[in-house]
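Working through the structure, step by step
Each chain, letter by letter, is given below.
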Amino acid sequence: MAQTRANRLLWLLLGCLLLAGTAKAELVRDLVSLEGAPPIPLEGIGIVTGLTATGDNSEAALTLLRKYMGNSNFDFDVASLATGNIAIVRVKAELPPFSRVGQKFAVSVTSIGDARSLEGGELLSCDLYAGGGRLYARATGQVVTGAGILTRGTIPAGQNSGALAIDNYRFGKVVNDEGILRLNLNRPNWADAYTIANRINQTPSLNPNLVDVAMFAEENATTPVAFAKDAGQVLVRIPSQYRFEVTRYIASILEVPVSIDRPATILVNRARNSIVVTGDIRVNNAVVSLQDKMVTVRPETPEEPAAYTLADDTPRNLIELDGPGSYADLQGLIDTLNAMGLTTEQVITIFEQLRAAGAINAELINQ
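So, how was this worked out
Residues numbered from 1 in each chain as written. Predicted model: local features only at pLDDT ≥ 70, side-chain atom pairs only at ≥ 80, totals over all residues. Heavy atoms only, no water. Pairing = 2+ DSSP bridges. Helix = DSSP H or I, 4+ residues; strand = E, 2+ residues; numbered from the N terminus. Axes fitted to C-alpha atoms, helices over the stretch in contact; angles between N-to-C directions. Contact = heavy atoms within 4.5 Å. pLDDT = per-residue confidence, 0-100. Core = buried A, V, L, I, M, F, W, Y, C linked by side-chain atoms within 4.5 Å. Buried < 20%, exposed > 50% of the residue type's maximum accessible area, 1.4 Å probe, protein only.

Moving on, we come to the pairing of strand β4 (residues 87-95). Strand direction decides the pairing type here: strand β3 (residues 40-49) and β4, joined by nine bridges, are antiparallel. Residue pairing for β4: isoleucine 40 is matched across the bridge by leucine 95. In this sheet, strand β6 (residues 107-111) lies alongside β4 in antiparallel orientation, the contact comprising four bridges. Paired with lysine 92 across the two strands is serine 108, which belongs to β6.

Laid out in structure tokens, this is it:
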């Protein structure tokens, strides 16, 4: 079973690599957030009920339930309830920018007691507060758990589930007193900041004073409307023609397509036994020893094509590999690890060792 899961994972990785590669066009709204209107983190402590003997076995859960009943004016002997059917959870969410009373959004729940599973449970009405103690929303609904981790889950926004905003989002000035819109990059990068500013300046509907980029160095060149302040922020001066249509102008900026070179990334999550690979990843020469397995990376050259061999130097098909192997790139590496039957944990360890040795030109992120 474990080997089958590992095989499915490695084929998923291979598919990701086959689809990854060159720059792709993304919308500005997916790359930036507006300064003055960030999402507001919300948090609360709640109770999940309806568990089948998989909840908390401590008196703390009953104590919290007793307090909840008292606040709701329910006259009920909580002590008569059996432990194990309820669980104390931490409830987290982000209030979306510009939310108004009555809007709904999703929340996440995580057990903070000794519950074994939240599967099938339902969150009782739970108040959600911002950092300053301001009450912004209430959450309730059925908990949806994911594969592998049963002590945390989500409550999607629905007609009778999720978080309901009970106070309006309080935001600052999106456009400051000087008429400047500030776009903060979600992933600061000098090249991306320059590209976003350049695309805005080259869009006629956004830059009424548009001139050819090559003319910017001339004395009579028109000043662009967008400037890359640094790797993390692009400033856009709202043209006077749009001072009464700021919403329309901002909406147009956010829909501008931009070609971005995404950095190669390997995202691993041990708790969920998952690995996601994005970008064009190259592998340099390296040798990794893991328990009884040995992994040798040898890039292909015109004089010496990529080969897959065992200790006796006899060429083998990938499916026959059961020991040390050699390969030329990450795709070959994944093929080989798949054939060798390595577990997800072993694959993660190999990627970590290759990254630490500088053999993989990718950012490795542990979730």
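So, about the sheet that holds strand β2 (residues 32-34). The four strands lie next to each other as β2-β12-β14-β13, forming an open sheet whose pairing is antiparallel. Of all strands in the sheet, those bounded by a partner on one side alone are β2 and β13 (226-230). Neighbouring strand axes in the sheet, compared pairwise and without regard to direction, differ in orientation by 30° on average. Along the sheet, helix α3 (residues 190-201) makes contact with β2, β12 (180-185), β13 and β14 (233-237), crossing β13 at roughly 165°.

Per-residue pLDDT for the chain has a mean of 78; in total, 74% of the residues score no lower than 70. Predicted confidence in the chain is weakest over strand β20 (residues 325-327), with a mean pLDDT of 43, and strongest over β14, with 96.

A separate point is the nonpolar core. Core analysis: the largest hydrophobic core is formed by 53 residues, its most contacted members being Leu128 and Leu183. With five residues, β4 is the largest single contributor of residues to this core. The residues contacting leucine 128, other than those within four sequence positions of it, are Leu42, Glu43, Gly44, Val91, Ala93, Val107, Arg134, Leu135, Tyr136, Ala137, Ala139 and Ala163. Judged by nonpolar contacts, the second largest core, of 20 residues, contains Val268, Leu333, Ile360 and Ala362.

The next subject is the sheet that holds strand β11 (residues 162-165). Strand order in the open sheet made by the nine strands is β5-β11-β8-β7-β3-β4-β6-β10-β9, with antiparallel pairing throughout. With one partner strand each, in any of the chains shown, β5 (104-105) and β9 (144-145) form the two edges of the open sheet. In this structure, β9 lies alongside strand β10 (residues 152-155), joined through two bridges in antiparallel fashion. By the bridge assignment, threonine 145 is partnered in β10 with glycine 153. In this fold helix α2 (residues 59-71) packs onto β3, β4 and β7 (122-129), with an angle of close to 105° to the strand it touches most, β3.

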